[in-house]
Structures are given as structure tokens and as C-alpha cells.
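# Observations on chain architecture
Below are the chains, spelled out letter by letter.
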Amino acid sequence: MKSAGTIVAVALLIAAGIAIAPLAATEIPPAERRSGYSFMAPDTKAIQDDDTANPGMLWVLDGEALWNSKAGATGNACADCHNDARASMKGVAARYPAYDKALARPVNLEQRINLCRTRQQQATPFAFESRDLLALTAFVAEQSRGAAIAPEATAELAPFVAKGRDFFMRRQGQLNLGCTNCHDDNWDKHLAGSAVTQALPTGYPIYRLEWQSLGSLQRRLRNCITGMRAQNYDYGAPELVELELYLMTRARGMPIETPAVRP
Amino acid sequence: MASALINVPKKAKRGEIIEIKTLMSHIMETGYRHTAAGQLVPRDIITSFTCRFNGAEIFRADLFPAIAANPFVTFFTIANESGKFDFEWIGDNGFTETASAAISVE
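Further remarks concern the interface of chain B and chain A. Residue-level contacts link 14 residues of chain B with 16 residues of chain A. Buried area between chain B and chain A, summed over both chains or domains, comes out near 1,200 Å², and the portion from carbon and sulfur atoms is 59%. Linking chain B with chain A are one salt bridge. Between A:D50 and B:K21 there is a salt bridge; the shortest N-O distance is 2.6 Å. For the pair chain B and chain A, the interface holds five residue pairs in polar contact (both at pLDDT 80 or more).

See below:
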């Protein structure tokens, strides 16, 4: 009897604890957070550590060429307005997704670059996951390498962070799993041969060995959603941007590794 | 927008063993895959990689469909004299790319 009562009390405490936990709290204590890098085999780490072995750097090089090339009806290159990316883009990727006033919602880095394509260059936006968009995104994000992840903690963004968090916590799909069931509860275990990891988006776009290519955070998220056999979302969908935003708040303070390598 | 990343030491001592690292941008499509509609995706791979030092071939490799995208080829050589490494990649559909790097040997 006594033990049953204790279990009920503990269950109530847990329920209360979850209910009063502030939104955007880091679900994994800061001291226990680990980049996906730390779960990798030494061989895979070695690829990321050496810029002349990391295939992601090929996209960074392409992105640099695009940064300097004229495009669209205005004939402006990114560099004509933003000059040297090493200075102007430093730290930018660390605070994306960010709020766009005109759209009244957060946009991720890919969308932000496409907004400059349409608004500033009067050019057609790049397709999601196209080589050009990944290359420019990788080039811009690489300027933040080592910078601490710092999504803006504003009242405008708060409701979107909350939606992303709700998505992460909610059980869904044919397997009735939430992201949290793997990435908070079982991050130290394996799923088949893969380390589950903590889902901290420290290195995007990443060169994923399984993809044989660079890919965005949304591509990675769509992979996990497919794995959960849940309803998936198109690239650029608000739900995926909100999820990205929430994941960045979980990784607050961790250094950007772009272009990271992942298995 | 094919591009290469080359890592050759700028300087070496005479007789020193040095490592050369090369990374070439390429999809390395095997020719064994099919689209969702059942059509074969044609093979598109790099078939050969060569390195010459001051004009003389010092390393060659043949590449095959089982090699991963963006092939990373590294090898060792002995630095005997100053000069220039010339790298060449040749592949399907008329693919050719070159790159070079200089070394000074003391």
C-alpha cells in the first residue's frame, strides 16, 4: 500500500513538474549536452576535423563563388551589399531561424537567403536542397564556425519556440513516438547501429555520409519524421521552421561546427 | 561547379616523407540505381586520377562505381626537390578536372 502511494505521489510530481516546466527550457541539463560530433567514430571525426578531407568544404567553396557572382534583375551580387562575408556574416547563422517582420514569422537561413534573392536581387528563389542554396547556406554558416548558438529570446519568437517544443514533445505517427522519446529519454543508446544522440543542430548544413551529399537541417528532420511514420511536411513549412527554432534554443551556447560531418 | 581541395605541404626537408591529400567534387553515380519510375540512372563516375611531379607521373589510381561520392585520395611520396604537383581527374561524360600545388624542398 505504502509503495503504491509513493508511486502515485511521484507520478503526480512528475506530471506537475512537466506542467510547470517553462517553455524553451533545455530538456537535457546544459552540462550533459553533447554535440552529435561526440558520438561519432574516430574516423568520422577525422573527416570533420580536416578541412581538406571534409567534403562539406566543397559546398563552402561553391558558396563563396556564388556570393561574388551577380544575379537577378538588379545585377547585384551578395558581396555588392554585404561585402566581405567573413565580417558581415560572422555570427549570423548562430541566431537563425530569426523573425522576419514583413512575414511576421521566423525564417530559417535558407529562407533568409532566398528573401535576399527575391527582395534585393529580384531573382527567382533557389529550390530547397538545390546545390546552390546549400552552397550559399554552408558558406554563410561557415562564417559562424565556433560562434555560440544564440537564437533571439524575444516575445515575437516565443510562441513559435513553444510550437516547436510542442511538436518535439508530442507523440505522433503510426509508432506513436515523440522526438523526445528518442532524443531526451534515450540519447545515450543506439537504434540499430546508429547512436541516437541529442538532436542538437550544431553543424548544419551537414555532410551526411549516408546521403553522400550536403543536406539541410530540414532534410534531417524529415528523415526522423519519416522514421516515426508520422505526417511529413514540405521543405520550408512553418512546422519545420518552428522545430528548427526550438532545436536551436536547446543548443543555446554550443559552438557552430558548419559544415559538420555526420554518419 | 566541380572543384578540388588539395593539401600539400608548402615546405619539406629533402628526403622527408610527405602526405598528399586530394578531395574532388563528384557525384560518383554508380549506374546501378533506378529512379522511382524504374529508369536506370546512367553511370557517372571518375575513372582515373593521376598525379605528376615536375611532369613525371608519381601516382595513378583507377576508380570504380563502388567508390563514394566526392572521392578523397591520399598517398605518400618522398620530397626530393622543389617543384610542382599536377593533379588530373578523368571520368564519364567527358569529365576532366585539374589542379596543382607547389612545394619547396630545402
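Residues and elements named next belong to chain A. We note that the domain assignment places domain 1 (28-49 + 152-262) and domain 2 (56-142) within chain A. For domain 1 versus domain 2, the separation of C-alpha centres amounts to 22 Å. Tallying the contact residues gives 24 residues for domain 1 and 25 residues for domain 2. Together domain 1 and domain 2 conceal approximately 2,000 Å² of surface at their shared face, both sides included; 69% is due to carbon and sulfur atoms. Across the contact surface, domain 1 and domain 2 share one salt bridge. Run the count over domain 1 and domain 2 and you get three residue pairs in polar contact (both at pLDDT 80 or more). Secondary-structure elements contributing two or more residues to the side of domain 1 that touches domain 2 are strand 6 (213-215), helix 10 (217-227) and helix 11 (238-250). The greatest single-element share of the side of domain 1 that touches domain 2, amounting to six residues, is contributed by helix 11. Of the residues assigned to the side of domain 1 that touches domain 2, the class counts are 13 nonpolar, six polar and five charged.

Residues and elements named next belong to chain B. Extensive coverage of strand 3 (residues 17-24) is indicated by the burial of six of its eight residues. In this sheet, strand 3 lies alongside strand 1 (residues 4-7) in antiparallel orientation, the contact comprising four bridges. What sits directly across from I6, in strand 3, is T22. Relative to strand 6 (residues 72-78), strand 3 runs antiparallel, the two being bridged by seven bridges. By the bridge assignment, I17 is partnered in strand 6 with I78.

Thresholds applied
- The written sequence of each chain sets the order in which its residues are numbered from 1.
- The order in which chains are written sets their letters, starting at A; the order in which ligands are written sets their numbers, starting at 1.
- In keeping with the predicted nature of the model, local features appear solely for residues at pLDDT of at least 70, side-chain atom pairs appear and are counted solely at 80 or more, and the whole-chain, interface and lining totals rest on all residues.
- Note that the side-chain values use all heavy atoms of the structure and ignore hydrogens as well as water.
- Only heavy atoms enter the contact rule, under which two residues are in contact if any of them lie within 4.5 Å.
- Here's the idea: put two parts together, see how much 1.4 Å probe accessible area each one loses, and the total over both is what we call buried area.
- One side-chain nitrogen of Lys or Arg within 4 Å of one carboxyl oxygen of Asp or Glu is enough to make a salt bridge.
- Here a polar contact is taken to be a pair of N or O atoms separated by no more than 3.5 Å, where protein atoms must pair a possible hydrogen donor with a possible acceptor and residues adjacent in sequence count only if both atoms sit in side chains.
- What counts as a domain boundary in this text is fixed by an automatic or database domain assignment.
- Think of it this way: any DSSP run of H or I at least four residues long counts as a helix, any run of E at least two long counts as a strand, and we number them from the N terminus.
- Polarity classes work like this: nonpolar for Ala, Val, Leu, Ile, Met, Phe, Trp, Tyr, Cys and Pro, charged for Asp, Glu, Lys and Arg, and polar for all others, with Gly in that last group.
- A simple rule labels every residue: compare its accessible area, found with a 1.4 Å probe on the protein chains alone, to the largest value its type can have, and call it buried under 20%, exposed over 50%, or partly exposed in between.
- Paired strands are those between which DSSP finds at least two bridges.

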